[in-house]
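# Topology and contacts: notes
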Amino acid sequence: MKAMILKRFAPIDQNPLDLVDLPIPEPDSDEILLRIKVCGVCHTDLHTIEGELPEVKLLIIPGHQVVGVVEKVGKNTSRFKEGDRLGVAWLYSACGKCAFCRRENENLCENARFTGYHVNGGYAEYIVIPEKFAYLIPEIFSDEKAAPLLCAGIIGYRALCLSEIKPGQRLGLYGFGASAHVAIQVAVHWGCEVYVFTRS
Ligand SMILES: [Zn+2]
Ligand SMILES: [Zn+2]
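Residues numbered from 1 in each chain as written. Chains lettered and ligands numbered in written order. Predicted model: local features only at pLDDT ≥ 70, side-chain atom pairs only at ≥ 80, totals over all residues.

### Here's the deal with the overall build of the protein
On a plain count of helices and strands, the protein comes out with five helices and 11 strands. Its C-alpha atoms give the protein a radius of gyration of 18 Å, within 12% of the compact-globule value 16 Å for 200 residues. Taking the principal axes of its C-alpha atoms as reference, the protein extends roughly 50 × 45 × 35 Å. Residues counted as buried form 32% of the 200 residues belonging to the protein. (Helix = DSSP H or I, 4+ residues; strand = E, 2+ residues; numbered from the N terminus. Rg over C-alpha atoms; globule rule 2.2 N^0.38 Å. Buried ≥ 20, exposed ≤ 12 C-beta atoms within 10 Å, placed from the backbone.)

Here it is in structure tokens:
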């Protein structure tokens, strides 16, 4: 398969990703293989590529807002079938045993693995993913519109919920990146009056 791989950290304007040919990965018994249709670009991917984050495992294929179609299922999986359209997000897997996982806060797992960071991500033709951490994409979304929901959307919607904003109330967004671009659409749909605060 073709993949864009990071071999060494460098500023984005030096085009640090290399186009390479790799074997198509084989799904383990609890994993599924997706043929990737699109993958979004998140600012965390840029931080990863520029070497601003700890513990990045080189060589790595970045990208963690992945939409793809199931090509092959592991023998112990049951949630999905060939042809299903799924999403892959930043959280690639969690241990299932630590205190956070036991409280269903696996986003805080002490042994979490992240997509395109600890394990290969979506700037490629195929990806393997534990079936537990894949999401069925509703038909209403095109591939391109679903992809940003898998990181920016998850974070923005969670923040909106934590703010306890009610329809019609006033909302302040501090900073206006990818998450806020999605959250503002939900807030406007809810009839909120929205204010954005940015350095510019
Ligand atoms: Zn992200
Ligand atoms: Zn855990």
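Right, picking up where we left off after that structure.
### Side note on helix 5 (residues 178-189)
A rise of 1.5 Å per residue sets the reference length of helix 5, with its 12 residues, at 16 Å; its end C-alpha atoms lie 18 Å apart and thus fit the reference within 8%. Those residues of helix 5 lying buried are S179, A180, V182, A183 and A187. For helix 5, the angular spread of the buried residues around the axis is 160°, confining them to a single face. Opposite its buried face, helix 5 presents the exposed residues V188 and H189, each directed more than 90 degrees away. Buried residues belonging to helix 5 abut helix 4 (152-163), strand 10 (170-174) and strand 11 (193-197). Downstream of helix 5 by a residue or two, G191 has a phi angle that is positive, lying close to 80°. (Expected span 1.5 Å × (residues − 1). Arc of directions from axis to C-beta. Contact = placed C-beta atoms within 7 Å.)

### Let's talk about the domain arrangement of the protein
Interfaces are often sized by the accessible area lost when the parts come together. Split into domains, the protein comes out as domain 1 (2-138) and domain 2 (151-200). The C-alpha-based centres of domain 1 and domain 2 are spaced at 26 Å. When grouped by side-chain class, the residues that make up the side of domain 1 that touches domain 2 number three nonpolar, three polar and no charged. (Domains from an automatic or database assignment. Nonpolar A, V, L, I, M, F, W, Y, C, P; charged D, E, K, R; others polar.)

### Observations concerning the packing of helix 4 against helix 5
Contact pair helix 4 / helix 5: the axes reach a minimum separation of 8 Å and the direction vectors enclose 55°. Regarding the angle of helix 4 to helix 5, the classification is oblique. Handedness of the helix 4/helix 5 crossing: right-handed. Note on element contacts: helix 5 touches helix 4 through A178, S179, A180, H181, V182, A183, V186 and A187, opposite A152, G153, I155, G156, Y157, A159 and L160. (Axes fitted to C-alpha atoms, helices over the stretch in contact; angles between N-to-C directions. Parallel < 35°, antiparallel > 145°, perpendicular 65-115°, else oblique. Left-handed = near helix turned anticlockwise from the far one by under 90°.)

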